[in-house]
Amino acid sequence: MEITELDPKIKDTQEELIKHQEKAKKFKEYVQGLFIDLYTQDEFNRRVDAIFNETFRDGSK
């Protein structure tokens, strides 16, 4: 594979990385906004799971 063939793949990979970093930041902000003392452990886990699924769902921006 030539370097010229790798360049577009590197750019695509960088864009994908940026998207995942933005999603991770969004997830972190949502979870930090939860007050754990308001929920039982199971309720908290369900909320975090729901936020994770919503944030990292394929096609979500």
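The structure reproduced in this document is the subject of the present report. (Residues numbered from 1 in each chain as written. Predicted model: local features only at pLDDT ≥ 70, side-chain atom pairs only at ≥ 80, totals over all residues. Heavy atoms only, no water.)

Look at helix α1 (residues 3–32) against helix α2 (residues 41–56): their axes get within 10 Å of each other, and the N-to-C directions meet at 155°. Looking at the two axes, α1 sits roughly antiparallel to α2. Handedness of the crossing formed by α1 with α2: right-handed. Contact residues: α1 offers His20, Lys23, Ala24, Lys26, Phe27, Tyr30 and Val31, while α2 offers Val48, Ile51, Phe52, Thr55 and Phe56. A breakdown of the residues in the contact of α1 with α2 according to their chemical character gives eight nonpolar, two polar and two charged. (Axes fitted to C-alpha atoms, helices over the stretch in contact; angles between N-to-C directions. Helix = DSSP H or I, 4+ residues; strand = E, 2+ residues; numbered from the N terminus. Parallel < 35°, antiparallel > 145°, perpendicular 65-115°, else oblique. Left-handed = near helix turned anticlockwise from the far one by under 90°. Contact = heavy atoms within 4.5 Å. Nonpolar A, V, L, I, M, F, W, Y, C, P; charged D, E, K, R; others polar.)

Here we come to the nonpolar core. Listed in full, the five residues of the largest apolar core are Phe27, Leu34, Phe44, Val48 and Ile51. For this core, the leading source of residues is α2, giving three residues. Not counting the four nearest positions on each side in its chain, Phe27 is found in contact with Val48, Ile51, Phe52, Thr55 and Phe56. (Core = buried A, V, L, I, M, F, W, Y, C linked by side-chain atoms within 4.5 Å. Buried < 20%, exposed > 50% of the residue type's maximum accessible area, 1.4 Å probe, protein only.)

What the rule picks out here adds up to two salt bridges. The residue Asp7 makes a salt bridge to Lys11 at a minimum N-O spacing of 3.6 Å. One end of the pair is Asp7 and the other is Lys11, both in helix α1 and four residues apart, which spans about a single turn. In this structure Asp7 comes out as partly exposed when scored by relative accessible area, which is 37%. The partly exposed category is assigned to Lys11, whose relative accessible area is 44%. Between Arg57 and Glu54 there is a salt bridge, with its nearest N and O atoms 3.0 Å apart. (Salt bridge = Lys/Arg side-chain N within 4 Å of Asp/Glu carboxyl O.)

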